[in-house]
Amino acid sequence: MNARTEIARLEGYLAWEAEVAAAERDARAFAGQFPWLPAAERESLEQAYAADRLRYAEEVVDRAVERCRRLAARYRSECRRICARWAALCLSVTLAAALFAVVPAALRA
């Protein structure tokens, strides 16, 4: 793999670890609103909260990745279409120039 790919992977890993830490922090804060719950129930609530938030974060990332893939496919398709049009235009101009060069000489002969 190239350096850009490795950097992107590292950035992704760090972003996910930051999301996990934020989910755990927020879960503790949420469960802390219920001081009357026994410690085991508060811990269970924290785990459920963090798991739910991380599941949601995974869904968001998955949707973003899928959107990026669809856009990349669309842009590749559009680029191929534009390149084909330019190639056709260049070929047409070349053929027209060749005809303008050859036809007068052929008519004189």
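A few points on the structure. The structure displayed is predicted, hence computed values, not measured ones.

**Looking at the overall build of the chain**
Line of reasoning, step 1. The number of helices and strands found in the chain is two helices and zero strands.
Line of reasoning, step 2. Judged by the C-alpha coordinates and their principal axes, the chain covers about 105 × 25 × 15 Å.
Line of reasoning, step 3. The buried share of the chain, reckoned over its 109 residues, is 8%.
Line of reasoning, step 4. Across the chain, 17 positive and 15 negative side-chain charges occur, with their mean positions spaced 17 Å apart.

**Let's talk about the packing of aromatic side chains**
Line of reasoning, step 1. Evaluated as defined, the whole model comprises three aromatic pairs.
Line of reasoning, step 2. Each ring, one from F34 and one from W36, has its centre 5.5 Å from the other, and the planes form 90 degrees; the classification is edge-to-face.
Line of reasoning, step 3. The class of W36 is exposed, set by a relative accessible area of 63%.

**Digging into the packing of helix α1 (residues 3-31) against helix α2 (residues 39-108)**
The packing of two helices is summarised by the inter-axis angle and the distance between the axes.
Line of reasoning, step 1. Interaxial distance between α1 and α2 falls to 8 Å at its minimum, and their mutual angle equals 145 degrees. Handedness of the α1/α2 crossing: right-handed. Here α1 contributes W16, E19, V20, A22, A23, D26, A27, R28, F30 and A31 to the contact with α2, which in turn contributes R42, L45, E46, Y49, A50, R53, L54, A57 and E58.

**Concerning the nonpolar core**
Line of reasoning, step 1. Counting residues in each nonpolar core, the largest one holds five residues, listed as V20, A23, A27, A50 and L54.
Line of reasoning, step 2. Every element with two or more residues in this core is listed here: α1 and α2.

Analysis parameters
Residues numbered from 1 in each chain as written. Predicted model: local features only at pLDDT ≥ 70, side-chain atom pairs only at ≥ 80, totals over all residues. Heavy atoms only, no water. Helix = DSSP H or I, 4+ residues; strand = E, 2+ residues; numbered from the N terminus. Buried < 20%, exposed > 50% of the residue type's maximum accessible area, 1.4 Å probe, protein only. Lys, Arg positive; Asp, Glu negative; His and termini not counted. Charge placed at Lys NZ, Arg CZ, Asp CG, Glu CD. Phe/Tyr/Trp six-rings, centres within 6.5 Å; stacked < 30°, edge-to-face > 60°. Axes fitted to C-alpha atoms, helices over the stretch in contact; angles between N-to-C directions. Left-handed = near helix turned anticlockwise from the far one by under 90°. Contact = heavy atoms within 4.5 Å. Core = buried A, V, L, I, M, F, W, Y, C linked by side-chain atoms within 4.5 Å.

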